[in-house]
Amino acid sequence: MADRGIEWSALPKEVRDQLAELDLELSEGDITQKGYEKKRTKLLAPYIIHTPVEPPTRNNVPPPASSSSSSHGPPPSSSSRYRERRSRRTHRSGGTRDDRYRSDIHSEAVQAALAKHKEEKIALPMPTKRRSTYVPSPIEMRTPPDSSSASEDETSARRQSSSVVVPAPLLNPGLQGPDCWINRSAQGSSTSSSASSTLSHGEAKQPHNQPQPQYKPQYQPLYKPQYQPHYQPQHEPSPPHAAVVTDLMANSRIAHPENSAPPPDVTAVVPPARGPRVDLPSNATVRGMIRGQSRSSMMETADGVPVNSRVSTKIQQLLNTLKRPKRPPLSEFFTDDSEEIVEVPQPDPNTPKPEGRQIIPVKGEPLGVVSNWPPALQAALARWGATQGKSPALTALDITGKPLYTLTYGKLWSRSVKLAYTLLNKLGTKTEQILKPGDRVALVYPNSDPGMFWVAFYGCLLAEVIPVPIEVPLSRKDAGISQVGFLLGSCGVGLALTSEICLKGLPKTPTGEIMQFKGWPRMKWVITDSKYLTKPSKDWQPHIPTANTDPAYIEYKANKEGTVVGVAVSKVSMLTHCQALTQACNYCEGETLVNVLDCKKDMGLWHGVLTAVMNRIHTISVPYAVMKACPLSWVQRVHIHKARLALVKCRDLHWAMMAHREQRDISLVSLRMLIVADGANPWSVSSCDAFLNVFQSHGLKPEVICPCATSPEAMTVAIRRPGLPGAPLPARAVLSLGGLSHGVIRVNTEDKNSALTVQDVGHVMPGALMCIVKPDGPPQLCKTDEIGEIIINSRAGGTMYYGLPGLTKNTFEVIPVNANGVPIGEIPFVRSGLLGFVGPGSLIFVVGKIEGLLQVSGRRHNADDLVATALAVEPVKTVYRGRIAVFSVTVFYDERVVIVAEQRPDASEEDSFQWMSRVLQAIDSIHQVGLYCLALVPANTLPKTPLGGIHISDTKQFFLEGNLHPCNILMCPHTCVTNLPKPRQKQPVGVGPASVMVGNLVAGKRIAQAAGRELGMIDDQDLIRKHQYLTEALQWRAQTDADHVLYVLLNAKGVVVSTATCIQLHKRAEKIAAALMEKGSINTGENVVLLYPPGIDLIASFYGCLYAGCVPVNVRPPHPQNLAATLPTVRMIIDVSKAACILTTQNLTRTLRSKEAAASVNIKTWPTIIDTDDLPRRRPPQIYKPPTAEMIAYLDFSVSTTGMLTGVKISHAAVSALCRSIKLQCELYSSRQIAICLDPYCGLGFVLWCLASVYSGHQSILIPPFELESCLSLWLSTLSQYRVRDTFCSYSVMEFCTKGLGTQTELLKSRGVNLSCVRSCVVIAEERPRLALTHSFSKLFKDLGLSTRAVSTAFGSRVNLAVCLQGTTGPDPCTVYVDMKSLRHDRVRLVERGAPQSLPLMESGKILPGVRVIIVNPETRGPLGDSHLGEIWVNSPHNASGYYTIYGEESLQADHFNTKLSFGDPQTLWARTGYLGFVKRTDLLDASGDRHDALFVVGSLDETLELRGLRYHPIDIETSVSRAHRSIAESAVFTWTNLLVVVSELCGSEQDALDLVPLITNVVLEEHHLIVGVVVIVDPGVIPINSRGEKQRMHLRDSFLADQLDPIYVAYNM
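The text that follows walks through the structure, step by step, so that each part is easy to find. Numbering of residues begins from 1 in every chain and follows the order in which that chain's sequence is written. Restriction of local features to residues with pLDDT of at least 70 applies here, the model being predicted, together with a cutoff of 80 or more for giving and counting side-chain atom pairs; totals for whole chains, interfaces and linings are based on all residues. Based on all heavy atoms of the structure, the side-chain values leave hydrogens and waters out of the count.

**Section: the overall build of the protein**
Moving on, step 1. Assigned secondary structure in the protein consists of 44 helices and 59 strands.
Moving on, step 2. By the burial criterion, 60% of the 1614 residues in the protein qualify as buried.
Moving on, step 3. Residue contacts are counted whenever heavy atoms from the two residues lie within 4.5 Å of one another. Looking at the protein alone, contacts between residues at least 24 apart form 76% of all its contacts between residues at least 6 apart.
Moving on, step 4. For the protein, the computed accessible surface area is about 62700 Å², with 54% contributed by carbon and sulfur atoms. A run of DSSP states H or I qualifies as a helix once it reaches four residues; a run of E qualifies as a strand once it reaches two. Both are numbered from the N-terminal end. To sort residues, take the accessible area from a 1.4 Å probe on protein chains only and compare it with the maximum for the residue type: under 20% means buried, over 50% means exposed, and anything in between is partly exposed. To measure how exposed things are, a 1.4 Å probe is used in the Shrake-Rupley method; for residues, cover is taken only from the protein chains shown.

**Here's the deal with the environment of Ala1611**
Moving on, step 1. With respect to the helices, strands and loops of the structure, Ala1611 is situated in strand β59 (residues 1609-1612).
Moving on, step 2. Along the primary structure Ala1611 and Pro125 are separated by 1486 residues, whereas in three dimensions their C-alpha atoms are 8.9 Å apart.
Moving on, step 3. Setting aside residues up to four positions removed in sequence, Ala1611 forms contacts with Pro127, Val1557, Gly1573, Val1574 and Val1575.

**Notes on a positive patch on the surface**
Moving on, step 1. Patch membership requires over 30% relative accessible area and the absence of a salt bridge. Like charges are linked within 9 Å, and nonpolar side chains (Val, Leu, Ile, Met, Phe, Trp, Tyr) within 5 Å. The term salt bridge refers to a side-chain nitrogen of Lys or Arg lying within 4 Å of a carboxyl oxygen of Asp or Glu. Within this scheme the basic residues Lys and Arg register as positive and the acidic residues Asp and Glu register as negative, but His and the chain ends are omitted. In this description, the location of a charge corresponds to atom NZ of lysine, CZ of arginine, CG of aspartate or CD of glutamate. Together, Lys34, Lys38, Lys39 and Lys42 give the surface a local cluster of positive charge.
Moving on, step 2. Position of Lys42 among the secondary structure elements: in helix α2 (residues 33-44).

**With respect to the packing of helix α42 (residues 1514-1523) against helix α43 (residues 1553-1568)**
Moving on, step 1. Between α42 and α43, whose axes approach to 9 Å, the crossing angle comes to 135°. Overall, the two elements α42 and α43 adopt an arrangement that is oblique. Where α42 crosses over α43, the handedness of that crossing is right-handed. Packed against α42, whose contacting residues are Asp1516, Ile1517, Ser1520, Val1521 and Arg1523, the element α43 presents Ile1560, Val1563, Val1564, Glu1567 and His1568 at the interface.
Moving on, step 2. Residue polarity is assigned by list, with Asp, Glu, Lys and Arg as charged and Ala, Val, Leu, Ile, Met, Phe, Trp, Tyr, Cys and Pro as nonpolar; anything else, Gly included, falls into the polar class. For the contact of α42 with α43, a count of residues per class yields five nonpolar, two polar and three charged. Helix axes use the C-alpha atoms of the stretch in contact, all axes being lines fitted to C-alpha atoms, and the angles between their N-to-C directions lie in the range 0 to 180 degrees. Any angle between 65 and 115 degrees counts as roughly perpendicular, while under 35 counts as roughly parallel, over 145 as roughly antiparallel, and the rest as oblique. Handedness of a crossing follows from how the near helix is turned relative to the far one, being left-handed for an anticlockwise turn of less than a right angle and right-handed for a clockwise one.

**Thoughts on the nonpolar core**
Moving on, step 1. Core analysis: the largest hydrophobic core is formed by 106 residues, its most contacted members being Leu497, Tyr553 and Leu610.
Moving on, step 2. Apart from the residues lying within four places of it in its own chain, the contact partners of Leu497 are Leu419, Leu423, Val441, Ala442, Leu443, Val444, Tyr445, Cys460, Val526 and Thr528. For this analysis, a nonpolar core means a set of buried residues of the types Ala, Val, Leu, Ile, Met, Phe, Trp, Tyr and Cys, connected via side-chain atoms within 4.5 Å.

**Quick look at the pattern of salt bridges**
Moving on, step 1. All chains considered together, the criterion is met by 49 salt bridges.
Moving on, step 2. Among the salt bridges present, the one from Lys600 reaches Asp598, with a minimum N-O distance of 3.4 Å.
Moving on, step 3. Note that Asp1379 and Arg1389 form a salt bridge whose closest N and O atoms lie 3.3 Å from each other. With Asp1379 in strand β46 (residues 1375-1379) and Arg1389 in the loop between α40 (1380-1384) and β47 (1390-1391), the pair connects residues that are ten residues apart, well separated along the chain.
Moving on, step 4. Among the residues examined, Asp1379 registers a relative accessible area of 2% and is labelled buried.

**Remarks on the side chain of Glu591**
Moving on, step 1. Residue placement: Glu591 occurs in the loop between α14 (571-585) and β11 (592-595).
Moving on, step 2. Residues contacting Glu591, with those up to four places away along its chain left out, are Asn586, Arg616, Ile617, His618, Arg644, Leu645 and Arg672.

**Quick look at the packing of aromatic side chains**
Moving on, step 1. The pairing test for Phe, Tyr and Trp rings, Trp by its six-membered ring, is centres within 6.5 Å, and the orientation test on the planes gives stacked under 30 degrees, edge-to-face over 60, and tilted for anything in between. Scanning the entire structure with this criterion turns up 24 aromatic pairs.
Moving on, step 2. Measuring from ring centre to ring centre gives 5.7 Å for Phe1102 and Tyr1194, while their planes differ by 75°; the resulting arrangement is edge-to-face. Of this pair, Phe1102 sits in helix α30 (residues 1096-1107) while Tyr1194 sits in strand β38 (residues 1192-1199), and the two are 92 residues apart along the sequence.
Moving on, step 3. For Tyr1194, a relative accessible area of 2% translates into the label buried.
Moving on, step 4. Ring geometry for Tyr1443 versus Phe1457: centroids 4.9 Å apart, planes at 85°, classification edge-to-face. With Tyr1443 in strand β51 (residues 1442-1443) and Phe1457 in helix α41 (residues 1450-1457), the pair connects residues that are 14 residues apart, well separated along the chain.
Moving on, step 5. Overall, Tyr1443 belongs to the buried group, its relative accessible area being 1%.
Moving on, step 6. Using a relative accessible area of 4% as the deciding quantity, one classes Phe1457 as buried.
Moving on, step 7. Through a chain of ring-to-ring contacts, the aromatic side chains of Tyr445, Phe453, Phe457, Tyr458 and Tyr553 assemble into a single cluster.
Moving on, step 8. Charge-over-ring contacts are defined here by two conditions on Lys NZ or Arg CZ: a distance within 6 Å of the ring centre and an angle within 35 degrees of the ring normal. Its guanidinium or amino end placed over the ring of Trp384, Arg616 lies 5.8 Å from that ring's centre, counting from NZ or CZ.
Moving on, step 9. The ring of Trp1166 has Arg1131 lying over it, and the distance from NZ or CZ to the ring centre is 4.8 Å.

**Section: the sheet that holds strand β1 (residues 128-129)**
Moving on, step 1. Strands are labelled as partners when DSSP assigns at least two bridges between them. Strand order in the open sheet formed by five strands is β1-β59-β58-β57-β56, and the pairing between neighbours is mixed. The two strands at the open ends of the sheet, each matched to only one other strand, are β1 and β56 (1528-1536).
Moving on, step 2. Bridge count between strand β57 (residues 1539-1546) and strand β58 (residues 1572-1578): six bridges; the pairing is parallel. Directly across from Leu1540, in β58, lies its bridge partner Val1572.
Moving on, step 3. Relative to the sheet, α42 contacts β56 and β57, its axis offset from that of β56 by approximately 140°.

**As for the side chain of Ser832**
Moving on, step 1. Mapped onto the secondary structure, Ser832 falls in strand β23 (residues 830-838).
Moving on, step 2. We classify Ser832 as buried; its relative accessible area is 3%.
Moving on, step 3. Only 2.6 Å separates the side chain of Ser832 from the backbone oxygen of Ile790, close enough to count as a polar contact.
Moving on, step 4. Each residue touching Ser832, except ones within four places of it in the same chain, is listed here: Ser711, Glu713, Ala714, Val717, Glu789 and Ile790. What qualifies as a polar contact is a pair of N or O atoms within 3.5 Å, subject to a donor-acceptor requirement within protein and to the restriction that residues adjacent in sequence count only when both atoms come from side chains.

**Side note on the sheet that holds strand β10 (residues 564-570)**
Moving on, step 1. Judged by pairing direction, the sheet is antiparallel, and its three strands sit side by side in the order β9-β10-β22 without closing on themselves. Two strands bound the open sheet, and with one partner strand each, they are β9 (551-558) and β22 (800-801).
Moving on, step 2. By the bridge criterion, seven bridges tie β9 to β10 in an arrangement that is antiparallel. Its bridge partner lying in β10, Ala558 is registered against Val564.
Moving on, step 3. Relative to the sheet, helix α12 (residues 481-490) contacts β9 and β10, its axis offset from that of β10 by approximately 40°.

**Quick look at the packing of helix α37 (residues 1291-1301) against helix α39 (residues 1331-1340)**
Moving on, step 1. Contact pair α37 / α39: the axes reach a minimum separation of 10 Å and the direction vectors enclose 45°. It follows from the interaxial angle that α37 and α39 lie oblique. Judged by the sense of rotation from one axis to the other, the crossing of α37 with α39 is left-handed. Between α37, through Tyr1291, Met1294, Glu1295, Cys1297 and Thr1298, and α39, the contact on the second element is made entirely by Leu1333, Thr1334, Ser1336, Phe1337 and Leu1340.
Moving on, step 2. Each residue belonging to the contact of α37 with α39 can be placed in one class, and the counts come to six nonpolar, three polar and one charged.

**Overview of the state of the cysteines**
Moving on, step 1. For the purposes of this analysis, a disulfide is any pair of cysteine sulfur atoms at a distance within 2.5 Å. Counting across every chain of the model gives zero disulfides.
Moving on, step 2. Note on Cys708: no disulfide assigned, nearest cysteine sulfur contributed by Cys585 at a separation of 8.2 Å.

**Some points on helix α17 (residues 633-641)**
Moving on, step 1. Here α17 has its buried residues at Ser633, Trp634, Val635, Gln636, Arg637 and Val638.
Moving on, step 2. Where α17 ends, the next residue or the one after it, Lys642, has phi of about 50°, a positive value.

Here is the structure:
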């Protein structure tokens, strides 16, 4: 030791202060032993006197035994001047490390269990956190990008290598580069003892001179790249690592054998911010191209980032961790053979079962009859007040631990009488008093003022009003404050007694009134200080009746859910309990008792207030505040007052022991009974032993330690009687935790790590009868070797939950039954809430409480046991003052264990993650239970109980509401969720003789098909006969109705910027055709790209191309603010379509040739660019090349949500048929006007914008959607202004209006916006109808006159641009509810609205004239029956002719566009839409009077996720996720190597980010029976959305894998 030969008194005061502070830190577990010694030596170094003589040992006192976890040695002593420190400790909050759970043996067991785990090396990927989110960690604490922890001597080099690319030869062979990390993770061989991340601490420490072995894959790659990477970006030399990594990742993808993983697709484009909407192909894969040539080097992103991005590495690690076998063998999984999900798993035959005989009730000794026993407790007080008035009743201490005042029995009596008189006579008017006997009154007194409380309590008893002691409310937001309100309400309390000082401290409103606390009834406050009380008249005497069964007082109790109820104790129970305690503890008149417990409830009240007065005991009350400032104060009081009894908790034993320095003068020889109030906690044993160890030399006798078991309902259940000197100490039970989890008692023999040592709590109370019954189900008696709930029959227990008769019956009136269910008697028992058993000699053992019980997968675990294990995992660096809460939440039909701890402010991310991983392992090893979630929250943020503990039910509530705000979280659903249904095995299908069955067709069942009406001859037959094609229709309109306005274009202000009459459009088209011939020298049939903003120029150029006989290709122009992201798509379409020339505007011509554009694409190779703003004035020559029906009219290019760029060929015949079909469906004529707010670049949006008006002659009001960004109400006010009957929009426009204008309907109304004119508002989309959005739109704008029937949807696909479109006639779209479980199995099961797991689906609009659809099994290609789920196939004259491909891949064309059914009707040619859906015949009638067949679209086949053999639609999972928390703005899901990844945009503050992780995991597990692998929290606007409002999930996936998202937080669920 450094302090030998130090003269303590000579040390300067500040050094002594610092030493004292250091001792305190050690005693509270805020510093390790090693750190303590280091700091102490440094402090003392200047004062050490070096003497060669060895000083003698001190008084032969054995060193105090440490009872902390293994890292704590016995703290060396220093001066124990607590007073000097006090000023500094006042700020320390209470509840230091939770010392109930200290046990050396357990700490060793935990360390041993962890050592076992060191051997199986598995790397847990550490979560990724955006640095800005959580500032505290200093820069050197941060982990390198792939977050591997490393030993100290290599960290610096590691960090370098992860941020700077060091050429290979410069790397010291002993210091590994990033590729080596990946090697390790790919081999799956690396975890550290801490399991903190990729590398173990000692693993990489190879001798520096020894070269690293080359990495050799230990297994054959599962796939070989079919082509060689063939390009390298020119502007950046390839770093050697990149190459190694790329190569390695390409060859060593670890995949599950049943499903070899595809390589990660890495996109070439960064997702844009939400502002500019862009369509981005995921990788340049064009449908119909030969796949091998479509992608550049697959493993490299466009900017040369190799895919060893930390995301992929971490996911790889995660896969490695998940490949370990789960604990339950497969037989324990549930099977999903019926529609029911969960069945009870088969019980394990090896489960230990109770084998003993049925227990016999245990009887306490009879309650003795005492001759002078008072008839009521008040009578005892009256007697002592009169005969022993000078005798001290209570001594209260001040904050320093010195006596403050002593209340004598005389004073106590006289003040109580005064208060009783005042309560009954002075609180109202003479005629009507506020209080009558039997009323309930709240007592609000702080712990530090026991005198006032005693007077108030006895005053109430004398007035015969019922006191309800509660805690002092400190603020409106106290933990559980509203529950206290529930208690006051259920007890009918309207009046509160308090002291003047306490009243001053209560929170007030600005007017000075006491605040109305949340959930509290209105309260009147009465001050009970003596000066405010009235002395009773001479003739007034309190009425003291003989004790009866009326309630005497009500004690509050919080149950597991946090509800606070009041246990009523009758007068006779109170008296009998005092008598029983007196007999059991052998109380004698005039003894002294030191009470450290809360005197308002429980043992502190029963012994320290009631039994004490009964026996004229002198109580010395040591409040909690004194204990915090001076932990030894209670021991000093025992010594000074020669106290015979002390009433403490384990915490007080521990504090006294830690504070025990060289207090030689302390003697505990006077103690005959040290009552340990929480001795029933199994973890109390070690505190009792350690305390005895330290204080035995101070005269403490081993037999005086008396643990006891109590509960608010049964009151004292059992107490160990003080032993005779020299009698053998009671034995301990060493139980197997495994046995306990099955509810049986097994002495632990095999695995000493998972043992629990418990001490007895003595015998049953005098006059009581005790049984043990099963904790759940009927109260059946347990067997002798079974753990059950202790129930008590006694006159000395609680009588009811006041005001709650239903709850009372289940707890206070229990009649135990035998194995056959027959009651064993008439007498009612009270449930104690304690779990235990009867040991040898009728000793009672308690192993836990019902409310701390976690029932996981049929096994019972005790929250306290889990806390003890977590605390034994060296929490010193991580956990703040040992504050750990354990509770369970119910997710997916089972309870899941959650651990929440407060993190020390100085803990590093690495330490915290390491601690969390070790806790996982320790709990897994010792308790054989998986943790669902482990969260660390900032210090002092968990809700506190009045005495500084953690308020568990509030913590749980915060967790479930997402209000916990953790700073670290680790979810482990993969380990603990073992009750998922079995993965579905798909049956192989072949078309054979039984193919009718394969098609799921049963005789007599309708085939699922539907058709629109006939495309018969229509009125203006002239137009059809003469002008078969669109070009001819335009020319005809230019001649016959030259000045009819076809198009009106509006700007953001709603002003008309340009119009086009028939003749203007025709002339402009002719000019453009001429320019194409002259400037572009275009040949017939060549492709021309149109690059225009939404407007009339686009329409004119389209017809110009048709006039010139070439094929227009309409392309969305690049976004000038985001060229890098949008221009490559333009370039790609130009290249793929082999365009001969580009038609565009002057502005865009400049953009295409700008420097900014040159940074993204090669601008020198653009085809000819013709600027149509600059056309010659002269009259062009007549050019018109008439088409033929099969000729291609235009190419329609679009990027699908899966990132596929597909171009389809639309023939002239298809265009005419489509326009005709729309004309019929929507009843479009020259006199009609429609408004279009859509992007005109592909699909039906383009058809409506450019083609329909020319064909049908109606006027189209064009509203470019981007204009809505500067004027949200543009679209709606246009509808109102022009009295438009039919309008078409996209989901993004509808969402824009719903979110932006939802709150402004009143304002719009005042501006005169009226939507009652709108007859149909159709959303144009290629997806399942978004029911929630259309509903909320209709609801919001109903006030503006919008009809609820107006909003409907359309449906189109690549093979047929318009399958459905809700027209003007026909029935309204109908909605059905489908069972989501059946959809996953590719079935449709219709259910009622509101059924669990139901999904509402809306019909996608009426099928267009001339269109036939059929539902087909996509594998067998056989037709399906009505209401069966299959692929939608379509036959129609306006089907597209095929994909536009460079190499005619005939097979793909034939498969998608000209495919036939395998049986049924093998002649018809169908096109496959690639969408799943079903047809249902409804009860509605269509125009022809037949029953209407509705088509329901479920989702795109390409988008579906195949997980666990089931088919999931991303939108369903995303809908659930978005509902999980108010801060989730938008979310998207995708899979990566069998892992489900959820990306959520956070619209709240960044501190909510980690709250979302468990909520997202919960909701997906509950509603979809899937375990989320990775949760990514990002900023709003990160999820890319295309112009149609569809999420680009593949893009997101590519950006995530290339680590380009800049996420706020990434959690890897274990």
